Every structure is written in C-alpha cells, then in structure tokens.
Amino acid sequence: QKCLKISMSMEEQQQTGAFVVFFGRDTHLSVVTDEVLNISRAFSRSYYQGVDIDLPGVDVMPTGLTEAYLRDQDYWNILPLLHSPKQSTQRVLAAAGAHWNITNTDRSAVQALCASSHKPPEIDCTISKENWWARLHASTHILNPLGNGLQSPKFFEALLMRTIPVCTRHLV
C-alpha cells in the first residue's frame, strides 16, 4: 500500500499511463495472483516476469538478457562469436535444464527426445555449460522449451548467436 501513495492518486496514475512491472524473482503469477491484482488496480498497465496463467490486465514482461544474467556468462568467449561469420554445422541444439532445474511439459519433451534411442542424428543434446555459446553459435536451430513462465533466456541467446529458436505455441 505504501508504494501506491508515493506521488499520485490511483486515478492520476491510471490517467497518466503509469504502469507497474513485477520482476526479479521467478515466482509464478499463479502463486501471487491476489497481490498482483491488488497493486495493478492503481495502474493503467501491469507487467509480470513469471507469467504462467492468463490474467486479464497483466502482460508478460519480456526478460531479455538482463545485466544480472549476463554477469554470470563468459564474455571473452561470447565476444569473438558475435563478430565471427556464422558457420553452422546444420545441427539442431536441444538443451533443457543445464542452468535452472525447472520442470514443465516442454522441457520434459526435450529431455525425453534427448534420451530416446530413436533421436535423429541432427539433434545435438550433449552440451556443457563451458561450450554453450560456441555450440549455440555453430547450430542452425535450437529447441527452445519454456522457462519458468512463458519465456526463457535461451530464446534471446539464440537470436544473439544468429540461431533460430524453435518454440512451442502456448495460449497463456
């Protein structure tokens, strides 16, 4: 309640187009629905990072590659790849669960594909954290399962390395 009383009334915030962004934690929206709705009433738009349900008036906040996330990466291996020509090995990268232990149907499907004895030879599932950026750069496509909500940093990493992310369609 304190944050709503800082400078404007609810009506003023809604009229000026003021918005609120909820981020910084991987808490699913379904866990904090009442709190988010209560605070969101005072704003014309609301954005939430861990969207896992459809909640009218609350949109997905695109995560992108945040500074905090990139701080954990190896810049000295990434920078040369950004400036080198794309020489793809024509393989499809399949990665799920190396950085975060998240369980959902998309990730389970990728993990099952990787464990299958009938996995097509074009699917590459053997990726270490140390070789992640080089393997991503060398691939033409990546299977991009959902993260903790509707999005995953893998999507933006793929675009950064000029690799096509293959995503499933979700109606949330």
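Scroll up for the structure.
First, a word on what this report is: a plain description of the structure on this page. All of these numbers come straight from a predicted model, not from anything done at the bench.

This part covers the pattern of salt bridges. Going through the model one piece at a time under the given rule, you end up with 3 salt bridges. Two residues, R45 and D59, come together in a salt bridge whose shortest N-O distance is 2.3 Å. Residue R45 is found in strand β2 (residues 45-48), and its partner D59 is found in strand β3 (residues 58-60); the two are separated by 14 residues along the sequence. On the basis of relative accessibility, which here comes to 31%, the residue D59 falls in the partly exposed class. A salt bridge links R91 to D124; the nearest nitrogen and oxygen atoms lie 3.8 Å apart. In this pair, R91 is assigned in the loop between α4 (75-83) and β4 (92-94) and D124 in strand β5 (residues 123-124), connecting sequence segments 33 residues apart. Three or more residues are tied together by salt bridges with common partners; here these are R91, D124 and R135.

For R162, which is not a glycine, the phi torsion comes out positive at approximately 60°. Here R162 lies in the loop between α7 (153-160) and β7 (164-166). Residue R162 is classed as partly exposed on the basis of its relative accessible area of 38%.

All chains considered together, the criterion is met by 3 aromatic pairs. Ring centres of F22 and Y48 lie 5.8 Å apart, and the angle between their planes is 40°; this geometry places the pair in the tilted category. Placement of F22 in strand β1 (residues 19-22) and of Y48 in strand β2 is noted, with a sequence separation of 26 residues between them. With respect to burial, F22 and Y48 carry one shared label: buried.

Counted under the stated rule, the structure contains 1 disulfide. Here C114 engages in a disulfide with C125; their sulfurs sit 2.0 Å apart. Because the sign of the S-S torsion sets the handedness, a value of about -80° for the bond joining C114 and C125 places this disulfide among the left-handed ones. Here C125 lies in the loop between β5 and α6 (132-138) and C114 lies in helix α5 (residues 105-115), a separation of 11 residues in the sequence.

Cut-offs and rules
- Residues numbered from 1 in each chain as written.
- Predicted model: local features only at pLDDT ≥ 70, side-chain atom pairs only at ≥ 80, totals over all residues.
- Heavy atoms only, no water.
- Salt bridge = Lys/Arg side-chain N within 4 Å of Asp/Glu carboxyl O.
- Helix = DSSP H or I, 4+ residues; strand = E, 2+ residues; numbered from the N terminus.
- Buried < 20%, exposed > 50% of the residue type's maximum accessible area, 1.4 Å probe, protein only.
- Phe/Tyr/Trp six-rings, centres within 6.5 Å; stacked < 30°, edge-to-face > 60°.
- Disulfide = S-S within 2.5 Å.

Nothing here speaks to function; it is all geometry.
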